[in-house]
Amino acid sequence: MVGKDVLVVQRMLGNKGGRGGMVTKLRVKNLLTGGTSDLGLDSGEKFEEVSMDMHKMKLSYIDGETFVFLDQESFEQYELSKEDLGDNAGYITPDDDFDVEITFYEGKPVGIVLPIAIDRTITYCEPGIKGDTSGKSTKPATLDSGYTVQVPLFCEIGTKIKFDTRDGSFIERVK
Amino acid sequence: MTIDVLCKVVDNYGDIGVVHRLARALAESERGLKLRLIVDDLVAYSLLEPAVDTARTIQDMHGWKILSWACPDDGSRAAFRQEYATDPPRIVIECFACGRPDWFEAMLFDPADSAVKTMVNLEYLSAEPYAVEFHRMPSLTRSPLVRKHLFMPGFETGTGGLILDRAFMDSRSRYSDAASRKAERRRLVGRLDLATPAGAVEFAGRFWVLVFGYERDYGRIVGDVAEFGRGTPVQVLVASGKSGPCFMEAWDRAGKPFPATRLPFLPQTDWDEVLVASDFTIVRGEDSMSRAALSGRPFLWQAYPQEGKQQLVKVRALLDGMRRCFEPASFGPVETAFTAFNDRLEDGPEVRGDEGILPLLVPDTVMAAGFSSFSDVLLGNGNLAGNLMTFLREIV
């Protein structure tokens, strides 16, 4: 919470650590104004945490820019816009069956928390380079959800990968 | 304009050294600027700047106010209150995300104060690409009235650059001219009492190698300096600190093959002068490395060891920036030496490396031009103090 504004972290865009602490680049959404912005936040800054309700749901369907989720207990449906989901919108497909957490502020759904690690299949990338298993060099790859992430050079079209939904980083190849 | 500069000493003297240098450069860049330095370790500060009185929790120095981080519960608390009653904090430079003392935090976030405060977090120097990405980026505090931004020092265009304080630049200029260099060195040798008056000329005329690193076995470096010393009279200056006993032990073991002199702990301006007076420097820490790079002379940097050899990432980033200034053939030995010197998991008297510095010592005009060119690039990025003042004017 910043003054009267409630900010929700939509994405961790990267971080760097020094001897004094960590600076994290974040994309945040202001729930009152609806605006998003990128910020660099150092680890020493303290904020008042806003109490949010979390409800476990599954994605029901996607209607254009609207994502509809089904509460697994009440069977009520809740809608979130693509903008509400931020980059997370690019990580999920209508076929997904995993549970997600929908966050509520003052009774309204405002955001989504995905499982930290999810599996996706690469639908397009430049040809793989065999032998380069270091993972230090990367290339862009389009996932079956339509989103593009950076993957190691050894990945190929059809490779199933596990990646971190907090920052979009590659974790491992799924065998 | 009044600026509060906050500094917490994490370890050694790097943090307070940068803050003191920044204060000098800010005062030089802006006439009439009032600076208040809030520092948690006045003892460490006094070693770099002897004018600091460690017994006084609030004091004037060079026209600035120096305040102790821990506002004491005695008579000086009234002096703190008086200082801020008429001139509350409005512009704050928080160095290295050090946080704020409670008494300062209370003023900054005072609900009765509706004025906007501007805060800049001056981050650690790094050549890594994130320096450009994070430079001038908006940050957050818990109050919309306390507006914070990041400011990144750096080696690249698009960062805040390096601090170019007048004392350092004057020293650099005086020692850059070959004709005046010997005379300046003789004066320096006399002033720091490094040799007898009779020996000062010979001392000043040798090839100076300055050693300031972390603990390790310096046998390989001593061997290379000894080899180089067969053709050129060498004088090694061993800085106070962790590398001193290690270097002297290796030097002793090798049969004292060249003259080596232990330096006392030097105030910042004296240290800078020794550094630019030297022909080759081995330096640790970001601030001394930046001075060595700005000197335009060959140097070797030892980065602070981090888990999983993360220091190599920092070293490679610096090398990537330097590479553009060198002929490819002459850069190879530089890259090899930097990488070997930093390829270690931890420090200690037994830690050995394969750092061959002989190619960096032997006069090579092409390689020397590379170091000089890198220095020119850094100077071209401007003075961090001036860049910071420009940024503050934009955001206040």
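Fair warning: this is a prediction, and the values are worked out from it, not measured in the lab.

What counts and how
- Residues numbered from 1 in each chain as written.
- Chains lettered and ligands numbered in written order.
- Predicted model: local features only at pLDDT ≥ 70, side-chain atom pairs only at ≥ 80, totals over all residues.
- Heavy atoms only, no water.
- Helix = DSSP H or I, 4+ residues; strand = E, 2+ residues; numbered from the N terminus.
- Buried < 20%, exposed > 50% of the residue type's maximum accessible area, 1.4 Å probe, protein only.
- Disulfide = S-S within 2.5 Å.
- 1 Å grid on protein atoms, 1.4 Å probe; cavity = no way out; pocket = protein on both sides within 12 Å on 5 of 7 lines; lining within 4 Å.
- Points joined across faces, edges and corners; volume = space filled by probe spheres on them.
- Polar contact = N/O pair within 3.5 Å; in protein donor to acceptor, adjacent residues only side chain to side chain.
- Contact = heavy atoms within 4.5 Å.
- Arc of directions from axis to C-beta.
- Pairing = 2+ DSSP bridges.
- Axes fitted to C-alpha atoms, helices over the stretch in contact; angles between N-to-C directions.
- Parallel < 35°, antiparallel > 145°, perpendicular 65-115°, else oblique.
- Core = buried A, V, L, I, M, F, W, Y, C linked by side-chain atoms within 4.5 Å.
- Phe/Tyr/Trp six-rings, centres within 6.5 Å; stacked < 30°, edge-to-face > 60°.
- Lys NZ or Arg CZ within 6 Å of the ring centre and 35° of its normal.

Novice: Is there a simple way to think about the environment of Arg81(B) in this case?
Specialist: Residues and elements named next belong to chain B. Along the chain, Arg-81 falls in helix α3 (residues 76–85). Given the relative accessible area of 55%, Arg-81 is considered exposed. Along the backbone, Arg-81 and Trp-103 are 22 residues apart, and their C-alpha atoms lie at a distance of 9.7 Å.

Novice: Is there a simple way to think about the state of the cysteines in this case?
Specialist: As used here, a disulfide is simply a covalent bond connecting the sulfur atoms of two cysteines. Residues and elements named next belong to chain B. Tallying each qualifying case throughout the model produces zero disulfides over all chains. Free cysteine: Cys-7, not disulfide-bonded; nearest cysteine sulfur from Cys-95 at 6.0 Å. Residue class for Cys-7 comes out buried when judged on its relative accessible area of 1%. Cys-98 provides the cysteine sulfur closest to Cys-71, a residue in no disulfide bond, and the two sulfurs are 16 Å apart. Classification of Cys-71 as buried rests on a relative accessible area of 14%.

Novice: Explain the layout of surface pockets to me, please; I cannot follow it from the model alone.
Specialist: Where empty space is left can be seen by rolling a probe of water-molecule size over the atoms. Residue and element names in this part refer to chain A. Roughly 840 Å³ of volume is contained in the largest pocket. If you trace the largest pocket, you find 32 residues lining it, with Leu-7, Val-8, Val-9, Gln-10 and Val-28 closest to the centre. Broken down by secondary-structure element, the contributors of at least two residues to the lining of the largest pocket are β1 (7–17), β2 (22–30), β3 (36–42), α1 (82–85) and β8 (108–113). Tallying contributions element by element places β1 first for the lining of the largest pocket, with six residues.

Novice: Explanation requested: the side chain of Arg344(B) in the structure shown.
Specialist: Residue and element names in this part refer to chain B. Its place among the elements puts Arg-344 in the loop between α14 (328–342) and α15 (358–361). When its relative accessible area of 3% is taken as the criterion, Arg-344 is described as buried. There is a polar contact of 2.8 Å between the side chain of Arg-344 and the backbone oxygen of Ala-303. Apart from residues no more than four positions distant in its own chain, Arg-344 is found in contact with Tyr-214, Arg-216, Gln-302, Ala-303, Tyr-304, Pro-305, Lys-309, Gln-311 and Val-351.

Novice: What am I meant to see in helix α6 (residues 166–176) of chain B here?
Specialist: Three or more residues of α6(B) are buried, namely Phe168(B), Ser171(B), Arg172(B) and Tyr175(B). End-on view of α6(B): buried residues confined to an arc of 100°, all on one side of the axis.

Novice: Explain the pairing of strand β10 (residues 138–143) of chain A to me, please; I cannot follow it from the model alone.
Specialist: For a regular strand, side-chain orientation follows a simple rule: the groups alternate between the two sheet faces. Residues and elements named next belong to chain A. In β10, alternate side chains face the same way, and those of Lys-139, Ala-141 and Leu-143 are buried while those of Thr-138, Pro-140 and Thr-142 on the opposite face are not. Note that strand β9 (residues 117–125) and β10 share three bridges and pair antiparallel. Bridge pairing links Ile-122 to Leu-143 in β10. In this antiparallel pair of consecutive strands, β10 and strand β11 (residues 148–152), the connection spans four residues, and Gly-146 shows a positive phi of 95°.

Novice: What should I look at first to understand the sheet that holds strand β7 (residues 100–105) of chain A in this one?
Specialist: Within a sheet, each strand pairs with its neighbour through backbone hydrogen bonds, oriented either parallel or antiparallel. All names here are of chain A. Read from one edge to the other, the open sheet built from five strands follows the order β6-β5-β4-β7-β8, with strand pairing classed as antiparallel. The open sheet has two edge strands with one neighbour each: β6 (77–81) and β8. Averaged over all pairs of adjacent strands, the angle between their axes in this sheet comes to 45°, without regard to strand direction. Judged from the five bridges that link them, β7 and β8 form a sheet pairing that is antiparallel. From the neighbouring strand, Thr-103 faces β8, where its bridge partner is Gly-111.

Novice: How should I be thinking about unusual backbone geometry in this particular structure?
Specialist: Among all residues save glycine, negative phi is the norm, and among peptide bonds the norm is trans. Residues and elements named next belong to chain A. Residue Phe-75 is not a glycine yet carries a positive backbone phi of 60°. Secondary-structure assignment places Phe-75 in the loop between β5 (66–71) and β6. The exposure class of Phe-75 is exposed, given its relative accessible area of 58%. You will see that Glu-106, though not glycine, has its phi angle at about 50°, which is positive. Tracing the sequence through the fold places Glu-106 in the loop between β7 and β8.

Novice: Teacher, can you tell me more about the packing of α6(B) against helix α7 (residues 178–191) of chain B here?
Specialist: Residue and element names in this part refer to chain B. Their axes nearest at 6 Å, the elements α6 and α7 cross at an angle of 120°. The angle between α6 and α7 falls in the class oblique. Within the contact between the two elements, α6 uses Arg-174, Tyr-175 and Ser-176 and α7 uses Ala-178, Ser-180, Arg-181, Glu-184, Arg-185 and Leu-188.

Novice: When you look at the sheet that holds strand β13 (residues 169–173) of chain A in this model, what are you seeing that I'm missing?
Specialist: Residue and element names in this part refer to chain A. Read across the sheet, five strands follow the order β11-β10-β9-β12-β13 without closing on themselves; strand pairing throughout is antiparallel. Because the sheet does not close on itself, it has two edges, and the strands there are β11 and β13. This sheet shows a mean twist of 55° between the axes of neighbouring strands, independent of strand direction. The sheet contact formed by β10 and β11 spans five bridges and is antiparallel. Each residue of the ladder has a partner; that of Lys-139, found in β11, is Val-151.

Novice: Please clarify how the nonpolar core should be interpreted in this entry.
Specialist: Side chains that are nonpolar tend, in soluble globular proteins, to be buried together. Residues and elements named next belong to chain B. If you look at the biggest cluster of nonpolar residues, it comprises 76 residues, and the most contacted ones within it are Val-236, Phe-247, Phe-299, Met-322 and Phe-338. Not counting the four nearest positions on each side in its chain, Met-322 is found in contact with Phe-299, Phe-331, Val-334, Phe-338, Phe-371 and Phe-374. Among the nonpolar cores identified, the runner-up in size contains 38 residues, and Leu-48, Leu-122, Leu-384 and Leu-388 belong to it.

Novice: Would you take a moment to explain the packing of aromatic side chains for this structure?
Specialist: Within a pair of aromatic rings, the relevant descriptors are the distance that separates the centres and the angle that separates the planes. Residues and elements named next belong to chain B. Across all of its chains, the model carries 23 aromatic pairs over all chains by this definition. Between Tyr-13 and Phe-265 the ring centres are 4.7 Å apart and the planes differ by 65°, which places this aromatic pair in the edge-to-face class. A residue pair is termed long-range when its members are at least 10 positions apart, and Tyr-13 in the loop between β1 (2–7) and α1 (14–29) and Phe-265 in the loop between β10 (260–262) and α11 (268–277) qualify at 252 residues. Ring centres of Phe-326 and Phe-371 lie 5.0 Å apart, and the angle between their planes is 85°; on these two criteria the pair is classed as edge-to-face. On the criterion of sequence distance, the pair formed by Phe-326 in the loop between α13 (311–323) and α14 and Phe-371 in helix α16 (residues 365–380) is long-range, its members being 45 residues apart. Residue Phe-326 shares its accessibility class with Phe-371, and that shared class is buried. Sitting above the plane of the Trp-208 ring, Arg-185 keeps its charged end 4.4 Å from the centroid. Over the ring of Phe-168 we find Arg-291, and its NZ or CZ is 4.7 Å from the ring centre.

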